[in-house]
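The primary structure of each chain is shown beneath.
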Amino acid sequence: MISIQNVKKVFTLDKNLITAVDSLSLEIKEGEIFGVIGYSGAGKSTLVRLLNRLEEPTDGSIIIDGKEMTKLKGKNLRQARQEIGMIFQHFNLLWSRTTEENIAFPLEIAGVPKTERNKKVQELIDLVGLTGREKAYPSQLSGGQKQRVGIARALANDPKVLLCDEATSALDPETTNSILDLLVDINKKLGLTIILITHEMHVIRKICDRVAVMEKGNIVETGNVIDVFSNPEQPVTKKFVEQVMSNPDVEESVDNILEHVEKRGKVLRLHFIGTFANEALISEVSKKFPVDTSIIQGKITQTQNGILGTLIVQMVGNTTEIEKAINFIKEASVEVEVIRDDT
Amino acid sequence: MTLEFANLDWDKLMTATYETFYMTLIALTGTFILGVLLGLLLYLTDKDGLWENKVINFITATIVNVFRAIPFIILILLLFPFTYFLIGTIRGPNAALPALIIGAAPFYGRLVEIALKEIDKGVIEAAQSMGASTRSIIFKVLLPESMPALISGITVTAIALIGYTAMAGAIGAGGLGSYAYYAGFQRRAFDIVFVCSVIIVLIVFIFQFIGDFISKKLDKR
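Computed from a prediction, not measured in an experiment: that's the story for all the values here.

Engineer: Pulling in residues and values, what's your account of the environment of Ile159 of chain B?
Structural biologist: All names here are of chain B. Turning to its location among the elements, Ile159 is positioned in helix 7 (residues 134–173). Residues Ile159 and Thr134, spaced 25 residues apart in sequence, show a C-alpha to C-alpha distance of 33 Å. Excluding residues that lie within four positions of it along the chain, Ile159 makes contacts with Val204, Phe207 and Gln208.

Engineer: Report on the domain arrangement of chain A, specifying residues and quantitative values.
Structural biologist: Residue and element names in this part refer to chain A. Domain annotation of chain A identifies domain 1 (2–244) and domain 2 (250–341). Every contact between the two is made by 10 residues of domain 1 and, on the other side, eight residues of domain 2. Within the residue set of the side of domain 1 that touches domain 2, elements represented by two or more residues are helix 7 (201–207) and helix 8 (225–230). Take the side of domain 1 that touches domain 2: its biggest share by element is four residues, from helix 8. Class assignment of the residues belonging to the side of domain 1 that touches domain 2 gives a composition of six nonpolar, two polar and two charged.

Engineer: Lay out the sheet that holds strand 2 (residues 16–28) of chain A in plain terms, naming residues and giving numbers.
Structural biologist: All names here are of chain A. One open sheet accounts for four strands, arranged 2-1-4-5; its pairing is antiparallel. In this open sheet, the two edge strands, each paired with only one partner strand, are strand 2 and strand 5 (67–68). Looking at chain direction, strand 1 (residues 2–13) and strand 2 are connected through nine bridges and run antiparallel. Its bridge partner lying in strand 2, Phe11 is registered against Ile18. Across the sheet, helix 1 (residues 44–51) touches strand 1, strand 2 and strand 4 (59–64), and the angle it forms with strand 2 is around 65°.

Engineer: How would you explain the confidence of the model for chain B if you had to name every residue and give the values?
Structural biologist: The predicted structure's coordinates, where accompanied by low pLDDT, should not be read in detail. When pLDDT is averaged along chain B, the result is 93, and 99% of the positions lie at 70 or above. Scored as a whole, the predicted complex attains pTM 0.84, and scored at its interfaces, ipTM 0.87.

Engineer: Tell me about the environment of Ile63 of chain A, and name the residues and values.
Structural biologist: Residue and element names in this part refer to chain A. Structurally, the position occupied by Ile63 is in strand 4. Under the C-beta neighbour-count criterion, Ile63 is labelled partly exposed, with 16 such atoms within 10 Å. Sequence-distant contacts of Ile63, defined by excluding residues within four places in its chain, comprise Ser3, Glu68 and Met69.

Engineer: Break down the packing of helix 4 (residues 80–87) of chain B against helix 5 (residues 93–117) of chain B for me, with residues and values.
Structural biologist: Residue and element names in this part refer to chain B. Contact geometry of helix 4 with helix 5 gives a least axis separation of 9 Å together with a crossing angle of 125°. One element, helix 4, and the other, helix 5, form an angle in the oblique class. Where helix 4 crosses over helix 5, the two elements pack in a sense that is right-handed. Contacts between helix 4 and helix 5 involve Phe82, Thr83, Leu86 and Ile87 from the former and Asn94, Ala95, Pro98 and Ala99 from the latter. Looking at the contact of helix 4 with helix 5, its residues break down into six nonpolar, two polar and no charged.

Engineer: Quick rundown of the packing of helix 2 (residues 54–69) of chain B against helix 5 of chain B? Include the residues and the values.
Structural biologist: Residue and element names in this part refer to chain B. Between helix 2 and helix 5, whose axes approach to 8 Å, the crossing angle comes to 125°. Between helix 2 and helix 5, the angle falls in the class oblique. With respect to the hand of their crossing, helix 2 and helix 5 are arranged in left-handed fashion. Together, Val64, Phe67 and Arg68 of helix 2 and Ile102, Pro106, Phe107, Gly109 and Arg110 of helix 5 make up the contact between the two elements. The residue inventory of the contact of helix 2 with helix 5, partitioned by class, reads five nonpolar, one polar and two charged.

Basis of the calculations
- One numbering rule holds for all chains: residues counted from 1, following each sequence as written.
- Chain labels run from A onward and ligand labels from 1 onward, assigned in the order the entries are written.
- In view of the model being predicted, local features appear only for residues whose pLDDT reaches at least 70, and side-chain atom pairs are presented and counted only at 80 or more, with totals across whole chains, interfaces and linings using the full set of residues.
- The helix and strand labels rest on DSSP assignments: H or I over at least four residues marks a helix, E over at least two residues marks a strand, and numbering proceeds from the N terminus.
- Two residues qualify as being in contact provided that their C-beta atoms, derived from the backbone, are within 7 Å of each other.
- Residue ranges for the domains trace back to a domain assignment, done automatically or taken from a database.
- Note that Gly is not counted as nonpolar here; it falls among the polar residues with everything else outside the nonpolar set of Ala, Val, Leu, Ile, Met, Phe, Trp, Tyr, Cys and Pro and the charged set of Asp, Glu, Lys and Arg.
- Here, a strand pair is defined by DSSP locating no fewer than two bridges between the strands.
- Lines fitted to C-alpha atoms define the axes, with helix axes restricted to the stretch in contact, and inter-axis angles between N-to-C directions lie between 0 and 180 degrees.
- Per residue, pLDDT captures the predictor's confidence, and it can take any value from 0 to 100.
- Partly exposed residues are those falling between the two cut-offs: more than 12 but fewer than 20 other C-beta atoms within 10 Å of their own, whereas 20 or more means buried and 12 or fewer means exposed, with C-beta atoms placed from the backbone.
- Angle categories are assigned with fixed cut-offs, so that under 35 degrees is roughly parallel, over 145 is roughly antiparallel, 65 to 115 is roughly perpendicular, and the rest are oblique.
- By definition, any crossing whose near helix is turned counterclockwise from its far helix by less than a right angle is left-handed, and any crossing with a clockwise turn is right-handed.

As structure tokens, then:
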């Protein structure tokens with residue numbers, strides 16, 4: 001869907017050359033939610049702005065849906081841009097227009113006739129959940145509502161791609177979640193390819209299929225969210241993953257915790273890696289097998305591709321029953337590691 | 001100085017007031033159009049503007065600065081040949097219009113430029129990301145988004161223009177300035193000067209009130 005090949009962007013600032021994006025290549029598949037994460041200054045914002053040529057690339061080529069963006073000019077470029085929606089951190093709405101007029105804006109640009117425009121605007125208002133706020137001006141809307149207007153506006157011309165430049169960074173956690181849910185919803189409903197730039201790992205965790213980690217203008221690590229989360233390789237990636245997963249201090253102290261656990265049965269570490277295991281797995285085990293299972297420590301998180309995290313449990317009971325229980329857990333494609341055996 | 005308004009000719013006063021309104025309104029319209037064009041040109045050709053162009057920006061800025069630097073009373077005199085060429089006379093309210101517009105438009109142009117610079121760059125970027133042409137950006141983003149500032153700017157300019165019409169009047173353009181100067185000051189009929197001043201102050205208040213009202217009404221921020 002999107003193919004970025006050897007793209008480079010060099011800025012001149014006070015006669016100094018600054019390479020914001022350095023020979024970067026990336027492939028993004030149709031219909032996926034692709035996250036790009038990095039600290040500020042990593043070049044991620046420049047990267048997303050290169051995609052619709054808000055920034056001119058210094059070198060390299062960008063192909064979106066078969067069109068070589070980097071070769072387009074004038075009217076062709078403007079038409080190609082109509083097929084790429086974009087939402088912004090600070091929403092960038094026209095304060096002089098109401099909700100419906102803001103959403104109609106890209107349709108006016110595309111030259112859609114009035115009756116068709118009104119119909120489309122109403123559909124979009126319903127889609128993003130702003131019914132009743134049609135006549136409100138941006139100053140009368142909350143941050144979350146403003147971003148909903150931004151999303152509706154970005155979707156007006158039925159784009160194939162949606163670019164999100166830190167779209168939730170100015171919102172509180174609860175509003176962030178509702179906006180992310182909306183993005184997943186439109187991704188599924190409309191089959192839209194979404195590219196999302198963020199510095200918040202929980203955004204990636206919550207909605208992305210794949211992720212690229214950027215540092216100093218380059219991608220240092222890329223892969224399925226689940227793989228990157230369960231096995232981060234680069235130091236930056238590890239730092240980001242720690243944002244949402246247990247931190248190493250806690251990991252190290254597992255031995256300490258075990259000291260206070262009575263030496264009975266088996267202590268197991270369960271690894272949930274992208275499994276869609278029933279969240280009630282533990283209680284199911286307790287019901288099916290005559291063993292007592294107690295949770296000692298755990299950190300479990302939900303991603304787009306299933307549950308991710310670890311759980312340390314103690315199982316006490318008949319040895320064969322424990323074995324049966326372990327097999328049952330393994331069948332749910334959860335990795336089981338015995339870290340202490342006192343049977 | 002007598003305050004019984006013995007010297008006052010009400011017909012002449014009405015005509016003078018009408019002429020002042022006439023000159024102000026026509027000149028204001030011309031100033032608005034020319035000023036918006038100048039302001040847009042300054043803004044668009046500026047660094048990082050949509051039509052970034054150092055040469056045009058420099059030329060426009062120079063013209064604006066030169067015409068703003070010339071005192072209005074001298075500008076009228078300098079423009080006599082041009083006025084004569086355009087209007088066919090150098091007397092009367094119509095003859096004042098070229099000088100009024102050329103005197104006020106550069107000032108308003110700068111105010112327009114400032115108003116445009118206040119627009120959030122992100123909004124322009126959003127319009128670009130939707131595939132808007134420069135024309136669409138001008139008419140659908142730049143002008144509507146800066147409208148309250150454009151209106152308060154034209155209000156300030158209108159008040160300056162009322163002052164200019166009085167000056168133009170003193171050298172034969174008609175209006176309240178002319179009446180106050182020729183019939184009033186030169187014949188020691190200070191009641192005329194006084195009444196003309198009061199009317200000018202009232203006109204200024206009216207313009208200020210209307211300007212503030214419209215500007216506030218348009219501002220949805």
